[in-house]
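# Fold and geometry: a report
What follows is each chain in one-letter form.
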Amino acid sequence: MTRLELRDVRKNFGALEVLAGISLDVAAGEFVSILGPSGAGKSTLFQLLTGAIRGEGEMRFDGAPLDGARFAFMPQRDALMPWRRVIDNATLGLEVQGMKRRAARERVAPMFAEFGLAGFERAWPAELSGGMRQRAALLRTVVQQRDMLLLDEPFGALDALTRAAMQRWLETMWRSHRWTALLITHDVREAVLLSDRIYVLSARPARVVSEVAVPLPRPRTESAELAREAAAIEAGILDTLLGLADPNSRSSDGETK
Amino acid sequence: MLSRRLGRWLRARRSSIAPRKSRKTAFLRAPLCPAGHLPRKGPQGGRSAVATAITKLAPAVLSLAMLLTAWELYARFGDIAPTILPAPSRVLAQAWESRAALAENTLPTISATLAGFACSLLAAFVLSALVDFLPRLRRALFPILIASQTLPLVAIAPLVVLWFGFGLLPKILLIALVTFFPMMVALVEGYAATEKEISQMLAAMGAGRWRIFWLARLPSALPYFFAGLRISITYAVVGAIFAEYAGAAKGLGIYMLSAKNNFRPDLVLAAVAVSSALTLALFGLAVLVQRLAMPWENAKSERAGRDDKAEPSGEGRP
Ligand SMILES: Nc1ncnc2c1ncn2[C@@H]1O[C@H](COP(=O)(O)OP(=O)(O)OP(=O)(O)O)[C@@H](O)[C@H]1O
Ligand SMILES: [Mg+2]
């Protein structure tokens, strides 16, 4: 069942053409990634989805035109409020939805252990490490219980080791929760590890240049066999991306589905 | 398991100590884990804070002492009449002698300063919020506000006293004139400093403009607000004294004026010392309020001294 459906979505900032016709689908319970070079317009796409800006093209959710409050959105930087304790950052979405602070805290508190934040409920965000901040931001996102998660480079700012650990952790989390999710990243390995399907975008103005299915069984971190297959997919995607960066092959890039 | 029980026990204990307040915030204050964060801020933390404060203050105290000593020596042995330049010791002695009069004139200055500053703060808050919601109002107001800062206080103060008399009102107005603008600018800039991602995320959560203002823009402005507060609170005392200088029944300003007219520079200086002490006290109060209002700032500086990398498996606090 298709939840999110974008048809030929375009966006210009004045003379700057950012999105040049993006079409994509996300099915219920599916984890889809958008992979693209920096500055391609990936965050712009999320701004369109959350209604922060307007663009052209068709955006449908469950068959009907997109009407707002469908997404739980995690911005590119963690956007934790430094003046709220971790637990109050986590309850933010529920409070905005009208839940009383106390009830929201009671709802969120049991989830801290699963997110590796047990004991840090009363800490300030400034007291957390980078990985913990991202997990707190993710917790704040998923407790909203919206139809779909929009994650904008959740691990982009982390060091390589922490990032790898967080990716594995997120894969485990996803297996038990089966969120419908759209993830922005420019880490090919991350996309392959986490996604069911990957949309590869060109540099600005962004178009979908390739749609890659990742038919690997989960969990994906276990066997060497899987790692080999994943590596093959990664190599294919990298070729597509690097081919795009090469100015000589620029004119010939079409939709290579 | 253990942590739960401990949490509940702590909650129960606290609510028995402070039953009214804790009902609402018991959840907040009871640590859910025994390895809470309170132990870190132990007595050593407090002592080291005092120690660093002393080390930080020592140079200032030393230089002030040297300045006063030099002045004392110069006034004593420089063959200068005490009616021109009294020595600090004489100022102190005379101040003590006229302590009743000084205190009597200090109180009105304090109340004028506080009243004027409170009015100014309130106006700055209301107007800055309005301006935040109505950008066009900002364009209409800011030129006037900037122009108001070009008015020379020396010329304006007597006029304001002429128009509004010797009461509290002209003082409030003059203090507002000098303190309102810095507060307003600080607040407006503070709102604008809100992280874009935070407002965007709140909007995606379904928060309206007022909600975003309350949840994100206002707290984001706090550091700017306190920076402005520290600056303008020092202006406030000067403004009050200026206003009294231009005309008042009682106050440090009028006390200085009459002391000067009676050829008593020692008493003028005594009043100056009192007003300086007043300014410093208010400044210290502002810093204290900031510390209390923004506890996360302390956490930030504390973290610099700690090393805790996230353990990748994410089991939480060991
Ligand atoms: N509000 C705006 N006004 C004008 N230009 C904008 C605006 N927002 C984004 N842009 C431009 O759109 C382009 C795409 O920006 P966007 O943030 O979507 O990139 P991105 O793909 O998310 O990059 P990164 O991976 O580095 O986060 C950039 O060139 C940026 O300068
Ligand atoms: Mg981006």
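Given the structure is predicted, the values throughout are model-derived calculations rather than measurements. (Residues numbered from 1 in each chain as written. Chains lettered and ligands numbered in written order. Predicted model: local features only at pLDDT ≥ 70, side-chain atom pairs only at ≥ 80, totals over all residues. Heavy atoms only, no water.)

The number of helices and strands found in chain A is eight helices and 10 strands. Taken against the 2.2 N^0.38 rule, which gives 18 Å for 257 residues, the C-alpha radius of gyration of chain A at 19 Å falls within 12% of a compact globule. Taking the principal axes of its C-alpha atoms as reference, chain A extends roughly 55 × 45 × 35 Å. In chain A, which comprises 257 residues, the proportion classed as buried is 56%. Residue pairs in contact within chain A that sit at least 24 positions apart in sequence constitute 67% of those at least 6 positions apart. Just so you have it, chain A exposes about 10,200 Å², and 50% of that area is on carbon and sulfur atoms. (Helix = DSSP H or I, 4+ residues; strand = E, 2+ residues; numbered from the N terminus. Rg over C-alpha atoms; globule rule 2.2 N^0.38 Å. Buried < 20%, exposed > 50% of the residue type's maximum accessible area, 1.4 Å probe, protein only. Contact = heavy atoms within 4.5 Å. Areas by Shrake-Rupley, 256 points an atom, 1.4 Å probe, with all protein chains shown as cover.)

What follows covers the confidence of the model for chain B. Residue and element names in this part refer to chain B. Averaged over every residue, the pLDDT of chain B is 80; the share at 70 or more is 80%. Note that residues 1-45 has pLDDT below 50 and, in this model, 42 contacts with residues that lie over four places away or in other chains. Per-residue pLDDT stays below 50 along residues 306-318; that stretch engages in 26 contacts with residues further than four places along the chain or on separate chains. Confidence estimates for the predicted assembly give a pTM of 0.78 and an ipTM of 0.86. (pLDDT = per-residue confidence, 0-100.)

Binding of the magnesium ion (ligand 2) to the protein goes through A:Ser43 (OG) and A:Gln76 (OE1), at separations of 1.9 to 2.3 Å. Separated by 33 residues along the polypeptide, A:Ser43 in helix α1 (residues 42-50) and A:Gln76 in the loop between β6 (71-74) and α2 (86-90) bring together distant segments of the chain. (Donors = N, O, S within 2.8 Å, 3.2 Å for Na, K, Ca; no water.)

Turning our eyes to something else, we now look at the pattern of salt bridges. Residues and elements named next belong to chain A. Counted by the stated rule, this structure contains 26 salt bridges over all chains. Residue Glu211 pairs with Arg197 through a salt bridge whose shortest N-O separation is 2.9 Å. Remark: Arg197 occurs in strand β9 (residues 197-201) and Glu211 occurs in strand β10 (residues 208-213); sequence separation between them is 14 residues. Looking at Glu211, the relative accessible area reads 26%, which means it is partly exposed. With a relative accessible area of 14%, Arg197 lands in the buried category. Ionic contacts of the salt-bridge type, sharing partners, join the residues Arg84, Asp88, Glu95, Arg101 and Arg105 into one network. (Salt bridge = Lys/Arg side-chain N within 4 Å of Asp/Glu carboxyl O.)

Another point: the site of ligand 1. All names here are of chain A. Surveying the vicinity of ligand 1 reveals 14 residues, the closest of which are Ser38, Lys42, Ser43, Thr44 and Arg204. Note that an oxygen atom of ligand 1 is positioned 3.1 Å from one of the backbone N or O atoms of Ala40. A distance of 2.7 Å is found between an oxygen atom of ligand 1 and a side-chain nitrogen or oxygen belonging to Ser43. Coverage of ligand 1 by the protein chains reaches 66% of its 640 Å² of free accessible surface. Looking at the shell around ligand 1, the elements that each hand over two or more residues are β2 (16-27) and α1. The greatest single-element share of the shell around ligand 1, amounting to three residues, is contributed by α1. Considering only residue class, the shell around ligand 1 consists of four nonpolar, seven polar and three charged. (Near = heavy atom within 4 Å. Polar contact = N/O pair within 3.5 Å; in protein donor to acceptor, adjacent residues only side chain to side chain. Nonpolar A, V, L, I, M, F, W, Y, C, P; charged D, E, K, R; others polar.)

This part covers the sheet that holds strand β3 (residues 31-35) of chain A. All names here are of chain A. Pairing in this open sheet of six strands is mixed, and the strands run β6-β7-β8-β3-β9-β10 from one edge to the other. Each end of this open sheet is capped by a strand with a single partner; those strands are β6 and β10. The mean inter-strand angle of the sheet, taken between neighbouring strand axes irrespective of direction, is 15 degrees. Taken together, the four bridges between β6 and strand β7 (residues 148-152) define a ladder with parallel strand orientation. Bridge pairing in β7 links Met74 to Leu151. (Pairing = 2+ DSSP bridges. Axes fitted to C-alpha atoms, helices over the stretch in contact; angles between N-to-C directions.)

Residue and element names in this part refer to chain A. Extensive coverage of strand β8 (residues 181-185) is indicated by the burial of five of its five residues. Of the two faces of β8, the one lined by Ala181, Leu183 and Thr185 and the one lined by Leu182 and Ile184 are each fully buried. Of the pairings in the sheet, the one linking β3 to β8 comprises five bridges and is parallel in character. Paired with Leu35 across the two strands is Thr185, which belongs to β8. Inspection of the sheet shows β7 paired to β8 by four bridges, in the parallel sense. The partner of Leu150 across the bridge, within β8, is Leu182.

Turning next to the pairing of β9(A). All names here are of chain A. A large share of β9 lies buried, amounting to five of its five residues. Both faces of β9 are covered, namely the face carrying Arg197, Tyr199 and Leu201 and the face carrying Ile198 and Val200. As paired strands, β3 and β9 are joined by four bridges and run parallel to one another. In the sheet register, Ile34 faces β9, and the bridge partner there is Tyr199. Pairing of β9 with β10 involves five bridges; the strand directions are antiparallel. Bridged to Val200 within β10 is Ser210.

Evaluated as defined, the whole model comprises 11 aromatic pairs over all chains. Ring centres 5.1 Å apart and planes at 75 degrees place the aromatic pair B:Phe225 and B:Phe226 in the edge-to-face group. Both residues of the pair, B:Phe225 and B:Phe226, count as buried. Its guanidinium or amino end placed over the ring of A:Trp124, A:Arg85 lies 4.1 Å from that ring's centre, counting from NZ or CZ. Between the NZ or CZ atom of B:Arg138 and the centre of the ring of B:Phe142, over which it lies, the distance is 5.1 Å. (Phe/Tyr/Trp six-rings, centres within 6.5 Å; stacked < 30°, edge-to-face > 60°. Lys NZ or Arg CZ within 6 Å of the ring centre and 35° of its normal.)

In globular proteins that are soluble, nonpolar side chains generally tend to be buried together. Residues A:Met81, A:Leu92, B:Leu102, B:Met184, B:Ile198, B:Leu202 and B:Leu229 are the most contacted members of the largest nonpolar core, which totals 56 residues. Ignoring any residue separated from it by four or fewer positions in sequence, one finds B:Ile198 in contact with A:Ala79, A:Leu80, A:Met81, A:Trp83 and B:Ala216. (Core = buried A, V, L, I, M, F, W, Y, C linked by side-chain atoms within 4.5 Å.)

Residues and elements named next belong to chain B. Close contact between helix α5 (residues 99-133) and helix α11 (residues 252-261) brings their axes to 7 Å; oriented N to C, the two are set at 140 degrees. Comparing the axis directions of α5 and α11 gives the class oblique. Across from Ala101, Leu102, Asn105, Thr106 and Thr109 in α5, the residues of α11 making contact are Leu252, Ile254 and Tyr255. Tallied by class, the residues present in the contact of α5 with α11 amount to five nonpolar, three polar and no charged. (Parallel < 35°, antiparallel > 145°, perpendicular 65-115°, else oblique.)

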